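These are the residues of each chain, in order.
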Amino acid sequence: MAEMNQHSENSRALILDIVTKHAEGRRSLDNTDASFITREMIEHPIARQSITTLGDKLTEVMGNLANSSIPFWSTRYNAHMNMDTTMASTLGYIAAMMYNPNNVTPESSPYTTHIEHKVGNQLCKMLGYNVDCGDPEKAIGWGHITCDGSVANLEAIWAARNLKFYPLSLKLAMDAGNPLHFLTTAHPPMGSFEPPTVAQLRSLGSADSITIDPHKSGYIHYPAGGLCYRDERTRYLITWTSPIIHHNGDENDSMGIYGVEGSKPGAAPVAVWLSHETIGLNRAGYGLLLGKALFASVKLYCHIATMTIGDDGEGDDDLIVVPFNMLPAEQNGTVPWSSRPVLEQRNWIRNHIINPPNSDLESDPDTFNRFKEIGSDLMINSFTFNFRINGVPNKDVIPRRYRDNERPLILTETEMSPNTYGDSLETYKERLGLGKEAVGDLKSLVSVTMSPWPSDPDILKSMADGLKSMAKEEIERCRKRNTPTPDHHGFIMQGDITLFLVHFPMFNMANHRRQLILEASIPDQVMKEYRKLRAAYPDSVFTLGNIERHHLNDLLQAEQFTARMDRGIPKLQPPVNDPTGEPVMPDPLTPPFTVHITRKVVDRSLVFDNLENEYPELMPFYLYGCGKEHHMDHRLTKSPNAQLTAELAMGDPSLSDEQLQKGVRINLTTVFERAVQPLPTAEGQIVANTPGLNFQPGTRYPFEAYADGQRVAGGMLTLGARLYADWHEINMDGADEH
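Residues numbered from 1 in each chain as written. Predicted model: local features only at pLDDT ≥ 70, side-chain atom pairs only at ≥ 80, totals over all residues. Heavy atoms only, no water.

Draft legend 1. Representation of the pairing of strand β1 (residues 142-146) within the structure. The element β1 is largely enclosed, with a buried count of five among its five residues. Here β1 shows two buried faces, one formed by Trp142, His144 and Thr146 and the other by Gly143 and Ile145. (Buried < 20%, exposed > 50% of the residue type's maximum accessible area, 1.4 Å probe, protein only. Helix = DSSP H or I, 4+ residues; strand = E, 2+ residues; numbered from the N terminus.)

What follows is the structure, given as structure tokens:
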């Protein structure tokens, strides 16, 4: 492997040799002995300054690349199907790149086009296609390099379509009484020990086309996808020519006229060919390399599956870690993950696979055969963390947040949706302790082990221990998010005649995971001051909050609390007379006063089981008020989301006072929430003039109102000057300082 930091001397010598031979090649091809760049030109101040600028900018680029690039070469990197490139690939790419050949036509790439032919034959032979022209009874395979696997898949499907819908081919086949069959295309898996997968790999030669990516399991530089056809004549179904680049006789030599691409680098097939020739497409070459990587992947799975087992052989009290792929003891989901048989198998894995040296595992046929039955049939592991509070598993499908710093492993994540994963997601949620009924998408971590080095027991143990330590820290953050505690609760004040209070909800903090609208009253003197302030600041939002920390339920049950009033949301700030002092809350607008809760207009829990899997088509709101004062608050159906609350300047609701006092649901018929979510933000907050929403004073919306599922009214409403739009607070991580 191209561990460039460990082979720097060899790499430096070979790269210097490439540059030297490239210069010699240029001189040998130029027989004019003309010198267009003179010594005088080289020494000119402008030229020298240009070289200095180039050097400075190149240094800047190299520094930024070193600091900002993803360390694919690191044993810690397990995020995608990527790893270090082979030294042969690196050198081959550089050598060919300096000539900049374009394999669109042999006219601009005679040598690299020839090399692409060779690479195609190498891949065809490896996959089981016939490449021997001596047997006229057998179809001859053909392959070429594409920019990536997706384009290779597209080309294979396009070729199949062109054949199946080619009228003459169909008519001839039917006239001859030939049976019609579909072309099959295959994408080989990322390696496996399991017998079924081995059998599938051996059957690849029966597929009509196969896509394979040297820039993945070949450890080659991008772009180097690949596509092979069992019958070389298939390429004629996707042929394009141009008189400027295609000439008589090019059919056999050209690679660029076949497929869906145009220009493509000749350096890519050279990188593939040189790597194949150096390492070898055999058991002792790439077979050994990929086998070691697959071995490391299964070992990592074993660490994940046993991560929560303590020294006493029992499970962890707080942490739950479950791989997506089941252990044999789970018997396809019929035996719970938390059961004694599964725990016993996990202990066996720890004692027979993780703890002993690799040599013991490889020398014990029985243990190694059981090892091959464990984990994924790919180099890919997917797993998810859950946690317990007081011994009870968390039941909310909460988006897990993994911090970017101090990662023992560099992983990626995926999102499993019920629509895509169906019953398998329900089973996985149950294995995690969430329960089959848990609603919502599930985020899962994904590791792809392409490196052969982490199979070392000490390296893997260090990675697994670091991952567990990070998970333990995250448990504490989860507890903070999900354990209700006495807290301060803020409310937006609405109305000049009748006072309504709109709670500040937070999806990710149990203390505030509630959408709540109250009708309330405050002392006459405070109400008089509030009205005075509203008149003085007609576009300001006023808030109140409880002074002493309480559970929200306790406030509601008591139906009263002592509060303070502020203009806007009060934030900690330095004292007025001491800018460097400890931050304090600003003085309230009035002395403390008592709030009496008259009734609840809306009271809706925002726990994740109460949320929907996708955003509604039209944006819904609660419409409520008293007399001529109307207000609305965005109905929160999915996370993440925005709190959008407004007093209306003008409305034509055609609703009775009783309906307004109770509150009705409305849909803004011109705001398509599913299309605009998640809402665009700037510096963490909503962009006020978001296209399709434009939540600003004076905006008019047509709406329809519903009660008990029936349409009861419709009309137009206009946003007033006093509105509140938030994305940051409602979606913030409740475990962060708030």
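Draft legend 2. Molecular detail of the sheet that holds strand β15 (residues 593-605). Strands sit in the order β10-β11-β12-β15-β14-β13 around a closed barrel of six strands; the barrel is antiparallel. Averaged over neighbouring strand pairs, the angle between their axes works out to 40 degrees when direction is ignored. Across four bridges, the pairing between strand β14 (residues 560-567) and β15 is antiparallel. By the bridge assignment for β15, Phe561 is matched with Val595. (Pairing = 2+ DSSP bridges. Axes fitted to C-alpha atoms, helices over the stretch in contact; angles between N-to-C directions.)

Draft legend 3. Structural detail: helix α1 (residues 8-29). The end-to-end C-alpha distance of α1, which contains 22 residues, comes to 31 Å, matching closely the 32 Å that a straight helix rising 1.5 Å per residue would cover. If you check which residues of α1 are buried, you get Ser11, Ile18, His22 and Gly25. In an axial view of α1, the angular spread of the buried residues amounts to 65 degrees, which keeps them on one side of the axis. α1 presents Glu9, Arg12, Leu16, Arg27 and Ser28 as exposed residues on the side facing more than 90 degrees away from its buried surface. (Expected span 1.5 Å × (residues − 1). Arc of directions from axis to C-beta.)

Draft legend 4. Inspection of the packing of aromatic side chains at higher detail. Applying the stated rule across the entire model yields 13 aromatic pairs. When the ring of Phe295 is compared with that of Phe371, the centres are 5.2 Å apart and the planes differ by 50 degrees; the resulting orientation is tilted. Residue Phe295 is found in helix α12 (residues 283-305), and its partner Phe371 is found in helix α15 (residues 365-372); the two are separated by 76 residues along the sequence. There is no split in this pair, since Phe295 and Phe371 are both buried. Aromatic ring contacts, followed pair by pair, group Trp142, Tyr229, Tyr236 and Tyr258 into a single cluster. The cationic tip of Arg235 hangs over the ring face of Tyr258; the distance from NZ or CZ to the ring centre is 4.9 Å. (Phe/Tyr/Trp six-rings, centres within 6.5 Å; stacked < 30°, edge-to-face > 60°. Lys NZ or Arg CZ within 6 Å of the ring centre and 35° of its normal.)

Draft legend 5. Broad picture of the packing of helix α13 (residues 340-354) against α15. Packing of α13 against α15 brings their axes to within 11 Å, and their N-to-C directions diverge by 120 degrees. One finds that α13 runs oblique with respect to α15. Helix-helix and strand crossings are classified by hand; for α13 and α15 the assignment is left-handed. For the pair α13 and α15, the contacting residues are Trp348, His352 and Ile353 in the first and Thr367, Arg370 and Phe371 in the second. Within the contact of α13 with α15, the residues separate by chemical class into three nonpolar, two polar and one charged. (Parallel < 35°, antiparallel > 145°, perpendicular 65-115°, else oblique. Left-handed = near helix turned anticlockwise from the far one by under 90°. Contact = heavy atoms within 4.5 Å. Nonpolar A, V, L, I, M, F, W, Y, C, P; charged D, E, K, R; others polar.)

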